[in-house]
Amino acid sequence: MNRVLVAGIGNVFLGDDGFGVEVVRRMDPSAVPASVVVADYGIRGVHLAYELLGGAYDTLIMVDAVELDGPPGTVAVLEIDEEPERDAPPPVDGHGLHPQAVLDLLRKLGGGVPRVLLVGCRPQVIDEVMGLSEPVAAAVDGAVAVVTALARDETYRRADRECADA
């Protein structure tokens, strides 16, 4: 079985930026295999990078508010290329690392993750306010279902492929 880390990312004091945190808070740990770790990283992007540095995970599923096409509350699953073509060093701001910056820092530290997925939701409000906007709040339960299904699928992804190849 693959080891999967589901990481909720965001700042709950900035409105819809708290989307990832709310999704992982609502996830039922018993709904995913034991090899899946669900954790709220909030604004602790540096901690997430160091957690991944040990190479303990085959798949990282990040959940965050991101700019997507569509109206606020739109949810999408994106596969992230862990090695973008950039020469600039990653910003090291422990309270503001967005998903790609976490991966850039991880790579700079000498680590990596074989597969990275991002479950993103288009925000409506990123401002100093507590709580999610109505369209983003309405998207949370659907996102929980998507993340739970992805975590299950990713856990058995390699094993299924090996059985098909045999």
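See the structure printed just above.
Source: prediction; values computed, not measured.

Trainee: Just checking my understanding: could you explain the pairing of strand β3 (residues 59–65) for this structure?
Mentor: Taken residue by residue, a regular strand's side chains alternate between the two faces of the sheet. In terms of burial, β3 is largely enclosed, as seven of its seven residues are buried. Neither face of β3 is open: one carries T59, I61, V63 and A65, the other L60, M62 and D64, and all of them are buried. Of the strand pairs in this sheet, strand β1 (residues 4–9) and β3 are connected by five bridges, and their pairing is parallel. The residue bridging V6 from the neighbouring strand is I61, located in β3. Relative to strand β5 (residues 115–121), β3 runs parallel, the two being bridged by seven bridges. By the bridge assignment, D64 is partnered in β5 with G120.

Trainee: Help me understand the environment of I9 in this model?
Mentor: When you line up the elements, I9 lands in strand β1. Once the C-alpha coordinates of I9 and V23 are considered, the two residues, 14 residues apart in sequence, prove to be 9.5 Å apart.

Trainee: Sorry, what's going on with the nonpolar core here?
Mentor: Within the largest apolar cluster, 22 residues are counted, with the highest numbers of intra-cluster contacts made by V6, F19, V23, I61, V63 and V147. Of all elements in the fold, only β1, α1 (19–26), β3, β5 and α4 (134–165) reach the threshold of two or more residues within this core. Ranked by residue count, the leading element in this core is α4, at eight residues. Counting residues in hydrophobic clusters, the runner-up holds 21 residues, among them A39, V102, L105 and L106.

Trainee: Teacher, can you tell me more about α1 here?
Mentor: With respect to burial, α1 is a largely interior element, six of its eight residues being buried. Among the residues of α1, those classed as buried are F19, G20, V21, E22, V23 and V24.

Trainee: Would you mind showing me how to read the pairing of β5 here?
Mentor: Burial within β5 is extensive, with seven of its seven residues counted as buried. Taking every second residue as pointing to the same face, both faces of β5 are buried, with R115, L117, V119 and C121 on one and V116, L118 and G120 on the other. Relative to β5, strand β4 (residues 75–79) runs antiparallel, the two being bridged by five bridges. The residue bridging V75 from the neighbouring strand is C121, located in β5.

Trainee: Any chance you could explain the sheet that holds β3 here in plain terms?
Mentor: Each strand in a sheet pairs with another by means of backbone hydrogen bonds, the pair being arranged parallel or else antiparallel. Spatially, five strands are ordered β2-β1-β3-β5-β4 in an open sheet, and the strand pairing comes out mixed. Only two strands of the sheet have a single neighbouring strand rather than two, namely β2 (36–42) and β4. The mean angle between the axes of side-by-side strands here comes to 20°, regardless of whether they run parallel or antiparallel. Against the sheet, helix α3 (residues 99–108) engages β1, β3 and β5, with an angle of about 145° to β3.

Scoring rules and cut-offs
Sequence positions are assigned chain by chain, starting from 1 and proceeding in written order. Since the coordinates come from a predicted model, pLDDT governs what is reported: local features require at least 70, and pairs of side-chain atoms require 80 or more to be given and counted, while whole-chain, interface and lining totals use all residues. Heavy atoms from the whole structure form the basis of all side-chain values; hydrogens and water molecules are not counted. A 1.4 Å probe rolled over the protein chains alone gives each residue an accessible area, and that area as a share of the maximum for its type sets the label: buried under 20%, exposed over 50%, partly exposed in between. The helix count covers DSSP runs of H or I at least four residues long, the strand count covers runs of E at least two residues long, and both are numbered beginning at the N terminus. Strand pairing follows a simple DSSP-based rule, namely that at least 2 bridges must link the two strands. Remark: nonpolar core denotes a set of buried residues (Ala, Val, Leu, Ile, Met, Phe, Trp, Tyr, Cys) joined through side-chain atoms within 4.5 Å. Helix axes are fitted only over the stretch in contact, all axes being lines through C-alpha atoms; the angle between N-to-C directions runs from 0 to 180 degrees. When checking whether two residues touch, look at their non-hydrogen atoms; a contact exists if any pair is within 4.5 Å.

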